Amino acid sequence: MTPFDSDLRPAPAGRPSLAVGLRNRVHRSEALRGYLLLSPALAVLGVAIIAPLILLIVMSTWSMSGFDMLMTPGLGNYAIIASDPIYAALLGRSLKIAAIATAATVLLSYPVAYFVAFHVHRHKMLWLILLTLPFWTSYLMRIFAWRVVLGYEGVINSALMSLGLIEAPMQVFLYSQTAVTIALAHAWAAFAILPIYVSLEKIDKSYLEAAADLGDNAARRFWRITLPLSLPGVVAAFFLMFIPTVGDYVTAAMLGGPDGMMVGNLIQAQFGPINDWPMGAALALVMTLAVAVAGLAFLLLTRMIRR
Amino acid sequence: MAATEPFHSPNRPLALYALGFTLFLYAPILFIPLFSFNSGLYARFPLQDFTLAWYAELWTRGPVFAALQNSLQVGLTVAVISTVLAVPAAKALARYRIPGKGPILGFMLLPLVVPGLIFGVALLVLVSRLGIPLSLWTVGLGHIIICLPFAISILLPRFEGANRSLEEASADLGENAWWTFWRVTFPTILPGVMASLLLTFTVSFDEFIIAFFLSGTDPTLPMYIWNQLRFPQSFPSLLALSTLILVVSFGLVLASLRLARLNRDLPGRKTS
Amino acid sequence: MISIQNVSKTFGRVQAVRDVTLDIARGEFFSLLGASGSGKTTLLRMLAGFEGVTSGKIVIDGQPMQDTPPHLRPINMVFQNYAIFPHLNVRDNIAYGLRRLGTPKAEQARMVDAMLEMIALPGYGDRLATQLSGGQMQRVALARALILKPKVLLLDEPLGALDKQLREQMQLELRSLQRQLGITFVLVTHDQEEALTLSDRVAVMSNGQVIQVDTPSGLYDRPVNRQVAAFVGTMNFFDARIRAQGPDTSAEIAGLGRHPVAPSARRDGDRVLVAIRPEGFALSPQPPEGPGPRVAGRLMARQYLGGRQLLHVAVEGRAAPVAVAAVAHRGQDPWEGMEDNPVWLGWSRDAMTVLDAD
């Protein structure tokens with residue numbers, strides 16, 4: 001008995017109705033279906049990112065009069081930021097701290113990423129998890145940990161004292177730019193390692209074999225093949241870390257002291273104790289712009305080097 | 001084989017360096033549990049007696065439990081919402097030829113690099129202008145922004161790695177898009193969904209910067225810790241609390257990473 | 001049954017299928033043969049509904065189908081890598097499509113058992129799909145599609161992933177299954193031998209276009225151009241020029257001399273190609289008897305192919321040697337050790353196919 005003589009399926013309707021027509025349009029257009037699936041996420045991000053940013057831009061043109069917000073647009077806040085050197089200094093310091101911390105992290109992470117990509121064979125996954133796990137712990141917690149380590153009566157000072165190396169606790173550790181830089185570098189290491197690792201891992205090993213075959217020694221192979229090919233990962237690592245660190249304020253607030261204050265702290269203060277939201281909005285936008293300019297400059301620089 | 005040897009030989013100095021780097025990564029964090037068992041009020045050497053007193057004291061603090069409950073509430077809600085939003089989005093990005101795919105993905109992943117401060121103040125400005133009171137809900141909204149990129153970056157490879165012809169086979173066998181999703185797509189991405197839930201929960205649970213700007217009178221756990229840092233006598237129990245949070249976070253992240261790679265090598269996955 | 005009318009498909013700027021018109025009869029075993037990138041897979045996917053048509057119509061059993069989504073088409077498909085659902089067992093894989101039809105559970109079980117019997121995998125129902133071999137997955141994929149009693153079964157390179165021996169066995173099974181069920185099969189393949197073995201008719205595709213639709217023997221014996229002739233089997237091509245016209249038409253063939261050919265619209269002096277299969281020649285150590293055309297040459301090399309052999313003969317006026325097919329005799333082969341000796345090539349007028357010069 002072969003059951004293949006009849007057709008169980010309903011025949012499609014002869015004339016398509018409007019609904020069917022619409023369904024067919026959606027069926028035929030991949031792009032339409034795609035946008036439909038993307039729309040909930042995009043709507044939420046639109047509400048939660050675009051709308052507030054637009055409002056932030058608008059608010060940056062307002063001003064404060066006592067406790068009242070004056071909604072007459074003007075560039076007063078920007079004029080103040082441009083004229084008072086404290087803002088430029090703070091912004092410059094933020095960029096400097098972020099740049100140093102980022103450069104240090106990328107430089108120190110590169111050999112580790114290289115090690116995992118080229119010299120670890122069996123336990124690659126284990127190493128990657130080990131290296132990225134701290135990143136997933138609370139940001140606050142990691143800075144908290146640095147306070148424990150660097151504090152006036154913290155791990156380093158008390159250890160040095162109990163070893164008899166110093167008499168009294170040293171001041172250099174906590175509440176300094178160094179402390180902020182170290183903590184930032186430590187906190188973002190995983191963000192730097194991953195992109196570098198990915199770009200190194202992608203390098204076809206036969207390029208290196210070809211270079212060896214053509215007479216390059218290990219150092220020259222690294223310099224002429226590995227490094228140029230991993231540069232995109234290095235650039236990505238730089239951006240992934242530099243941008244968020246410029247805007248950091250928790251690290252500076254907990255470890256920086258007055259010398260380690262960053263522009264993020266000032267922005268936070270405008271929305272907190274100082275209560276000048278329009279100024280805070282203007283500062284946030286100026287900071288974003290500064291990051292973008294710095295990032296662009298870096299990108300152009302690497303492009304030029306690569307030529 | 002001789003040609004490949006130079007690239008696979010062990011490099012002892014490099015291995016030592018990597019080991020040292022890893023130690024540096026963990027060292028400061030490991031002092032937290034160390035001192036949480038130390039009977040001294042200050043986190044300093046030499047260590048004093050071993051004690052569980054700080055954990056016991058934690059148990060008596062009512063606000064800790066309130067904060068924990070707040071964090072759980074926000075974390076669970078955020079995890080579910082961002083994963084539910086990310087599943088269709090990741091599917092669209094992985095499967096469909098869409099004009100502007102690159103910029104859309106870039107926009108969605110943007111919160112990974114934009115300083116949390118910017119989102120915090122921008123959302124604060126928006127909700128206050130709209131007259132919405134600050135609450136756990138506003139914290140949750142902020143957390144969705146930063147969790148969505150994580151959910152998408154976990155689910156995207158899941159969809160990309162899955163064998164697309166499985167879904168075509170389902171359609172070919174007469175199932176419409178809805179049933180194809182539940183009978184074929186969902187079972188194949190389930191580990192990714194679980195991983196996304198765990199990871200987004202962890203991110204929200206640990207998040208501080210956005211919560212700082214957007215929380216009202218109910219603090220999340222990190223907010224509670226921040227507020228208590230002012231009081232030196234709270235310090236040891238904060239160490240105990242942080243130790244517990246560390247353990248839970250590590251556990252959740254490990255579970256999530258494990259799930260994310262589960263079933264990666266099932267036959268029938270992408271072969272062509 | 002299936003009528004493909006002026007169907008085209010463009011992806012961005014790439015024209016994958018260009019103005020294809022084909023009719024496939026009910027119960028026919030039809031193949032789309034072509035190299036990768038020839039548009040055959042795109043055409044199959046348009047039949048299944050996974051790709052929309054850019055223009056043209058696809059009519060199945062009198063119903064226009066080009067806008068119908070795949071799950072509503074009376075067509076099922078065996079995928080290239082089988083697409084067996086890895087999270088379901090064999091039974092659930094085979095029964096997958098029955099849910100929508102609302103078949104009662106007991107009936108489903110009976111149908112699946114009948115299918116398992118048919119594909120010779122009884123008792124495999126509870127195996128996980130991931131525990132199957134390639135050949136078994138292929139059978140399950142067939143059963144999963146056939147249980148829905150489709151009007152048309154599409155097969156996308158279904159045997160490509162199997163090793164040679166299994167492939168030949170599955171070819172036989174596929175052919176007899178199709179005969180038995182009477183369902184229209186449309187097969188996509190790049191393997192000309194597979195297409196010729198299995199199909200009632202074959203459409204040769206190249207560059208998104210159908211170059212020739214014919215029976216296997218028609219393709220082999222009467223290729224329309226050099227491309228088809230070269231794609232299907234081995235072929236000797238000779239540059240040639242038409243001499244005289246009408247009933248006396250003959251061709252001046254490089255290396256073979258001037259010989260009468262079938263009259264055509266071609267005119268005196270036209271450049272053409274004369275194609276002769278290796279089987280079209282007879283090779284002999286002495287000048288052949290009878291009136292047929294012949295030419296002297298020298299045996300250059302023997303290529304043993306197991307049971308048969310190709311003998312490569314150099315002739316004057318032609319750079320490449322002519323390939324001649326011969327039986328390979330066990331033990332005493334007449335051509336053994338005959339390399340470098342003079343031989344004679346004979347052929348009949350029917351063996352020559354005149355094609356346009358490229």
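Remember, it's a predicted structure, so these values are computed and weren't measured experimentally.

(A) A look at the overall build of chain A. From N to C terminus, chain A includes 14 helices and two strands. Looking at chain A residue by residue over its 307 residues, the buried ones come to 41%. In chain A, the proportion of contacts linking residues at least 24 apart, taken out of those at least 6 apart, comes to 68%.

(B) Up close: the interface of chain A and chain B. Across the boundary between the two partners, chain A contributes 74 residues, which contact 68 residues of chain B. The dominant element in the side of chain A that touches chain B, judged by the number of residues it contributes, is helix α2 (residues 30–59) of chain A, at 19 residues. In terms of residue class, the side of chain A that touches chain B is made up of 53 nonpolar, 13 polar and eight charged.

(C) Spatial organisation of the environment of V327 of chain C. Residues and elements named next belong to chain C. With respect to the helices, strands and loops of the structure, V327 is situated in strand β18 (residues 322–327). Residue class for V327 comes out exposed when judged on the 10 C-beta atoms lying within 10 Å of it. With 119 residues separating them along the chain, V327 and G208 place their C-alpha atoms 38 Å apart.

(D) Structural context of the interface of chain B and chain C. In this assembly, 19 residues from chain B lie in contact with 21 residues from chain C. Those elements giving two or more residues to the side of chain B that touches chain C turn out to be α8 (164–172) and α9 (177–206) of chain B. A per-element tally of the side of chain B that touches chain C places α8 of chain B first, with six residues.

(E) Representation of the confidence of the model for chain A within the structure. All names here are of chain A. Across chain A, the average pLDDT comes to 83, with 90% of residues at or above 70. Considering each helix and strand of chain A separately, the mean pLDDT is smallest for helix α1 (residues 18–28), with a value of 59, and largest for helix α4 (residues 85–119), with 93. Here residues 1–16 is modelled with pLDDT under 50, and outside its nearest four sequence neighbours on either side it reaches 19 contacts, counting other chains as well.

(F) Broad picture of the packing of helix α6 (residues 116–129) of chain B against helix α7 (residues 136–161) of chain B. Residues and elements named next belong to chain B. Taken N-terminus to C-terminus, the directions of α6 and α7 make an angle of 140°; their axes are 11 Å apart at the nearest point. What the angle tells us is that α6 and α7 run oblique. Between α6 and α7 lies a crossing of right-handed hand. Between α6, through G116, F119, G120, L123 and V127, and α7, the contact on the second element is made entirely by T138, L141, G142, I145 and I146. Here the residues of the contact of α6 with α7 sort into six nonpolar, four polar and no charged.

(G) Spatial organisation of the sheet that holds strand β9 (residues 201–206) of chain C. Residues and elements named next belong to chain C. Pairing is mixed in the open sheet, where six strands are placed in the order β6-β7-β8-β3-β9-β10. Each edge of the open sheet is held by one strand with a lone partner, namely β6 (75–78) and β10 (209–214). Neighbour-to-neighbour, the strand axes of this sheet turn through a mean angle of 20°, independent of strand direction. Bridge count for strand β7 (residues 152–156) against strand β8 (residues 184–189) is five bridges, and the pairing is parallel. Bridging from a neighbouring strand, V152 pairs with T184 of β8.

(H) Quick look at the sheet that holds strand β12 (residues 250–253) of chain C. All names here are of chain C. Reading across from one edge, β13-β12-β11-β14-β20 is the order of the five strands in this open sheet, with antiparallel pairing throughout. Strands with a single pairing partner mark the edges of an open sheet, and in this sheet they are β13 (257–260) and β20 (353–356). Within this sheet the neighbouring strands show an average axis-to-axis angle of 40°, counted without direction. Relative to β12, strand β11 (residues 236–243) runs antiparallel, the two sharing four bridges. Counterpart to R243 in the pairing with β12 is S250.

(I) Highlighting the pairing of β13 of chain C. All names here are of chain C. Sheet analysis places β12 next to β13, joined by four bridges and oriented antiparallel. Within β13, the position partnered with A251 by the bridge is H259. Adjacent in sequence and paired antiparallel, β12 and β13 are bridged by three residues, among which G255 carries a positive phi angle near 90°.

(J) Local environment of unusual backbone geometry. Residues and elements named next belong to chain C. One non-glycine residue with positive phi stands out, namely A83, at about 50°. Residue classification places A83 among the buried residues on the basis of 27 C-beta atoms within 10 Å. Positioned with a positive phi, A120 is a non-glycine residue whose angle comes to about 60°. Topologically, A120 is positioned in the loop between α4 (105–118) and α5 (134–146). On the basis of neighbour counts, which here come to 10 C-beta atoms within 10 Å, the residue A120 falls in the exposed class.

(K) Quick look at the nonpolar core. A89, V121 and L148 of chain B are the most contacted members of the largest nonpolar core, which totals 265 residues. Summarising the domain contributions, this core has at least three residues from each of domain 1 (2–230) and domain 2 (234–356) of chain C. Setting aside anything within four residues of it in sequence, one finds V121 of chain B in contact with L56, I267, F271, G280 and A284 of chain A together with F213 of chain B.

(L) Representation of the confidence of the model for chain B. All names here are of chain B. For chain B, per-residue confidence averages 86 on the pLDDT scale, and residues scoring 70 or more make up 92% of the total. Mean pLDDT across the secondary structure elements of chain B bottoms out at helix α1 (residues 5–8), with 48, and peaks at helix α4 (residues 62–95), with 94. In the predicted structure, residues 1–6 sits below a pLDDT of 50 and forms six contacts with residues beyond four places in sequence or in another chain. Counting contacts from residues 264–272, a segment whose pLDDT is below 50, to residues more than four positions away or on other chains yields 21 contacts. Across the assembled chains, the prediction reports ipTM 0.81 with pTM 0.80.

(M) Examining the packing of α4 of chain A against helix α8 (residues 177–187) of chain A more closely. Residues and elements named next belong to chain A. Relative to each other, α4 and α8 sit at 45°, their axes nearing to 9 Å. By the criterion of interaxial angle, the relationship of α4 to α8 is oblique. As for the relative orientation of α4 and α8, their crossing is right-handed in sense. Seen from α4, the contacting residues are I97, I100, A101, A104 and T105; seen from α8, they are Q177, V180, T181, L184 and A185. Grouping the constituent residues of the contact of α4 with α8 by class yields seven nonpolar, three polar and no charged.

Analysis parameters
Residues numbered from 1 in each chain as written. Chains lettered and ligands numbered in written order. Predicted model: local features only at pLDDT ≥ 70, side-chain atom pairs only at ≥ 80, totals over all residues. Helix = DSSP H or I, 4+ residues; strand = E, 2+ residues; numbered from the N terminus. Buried ≥ 20, exposed ≤ 12 C-beta atoms within 10 Å, placed from the backbone. Contact = placed C-beta atoms within 7 Å. Nonpolar A, V, L, I, M, F, W, Y, C, P; charged D, E, K, R; others polar. pLDDT = per-residue confidence, 0-100. Axes fitted to C-alpha atoms, helices over the stretch in contact; angles between N-to-C directions. Parallel < 35°, antiparallel > 145°, perpendicular 65-115°, else oblique. Left-handed = near helix turned anticlockwise from the far one by under 90°. Pairing = 2+ DSSP bridges. Core = buried A, V, L, I, M, F, W, Y, C linked by C-beta atoms within 7 Å. Domains from an automatic or database assignment.

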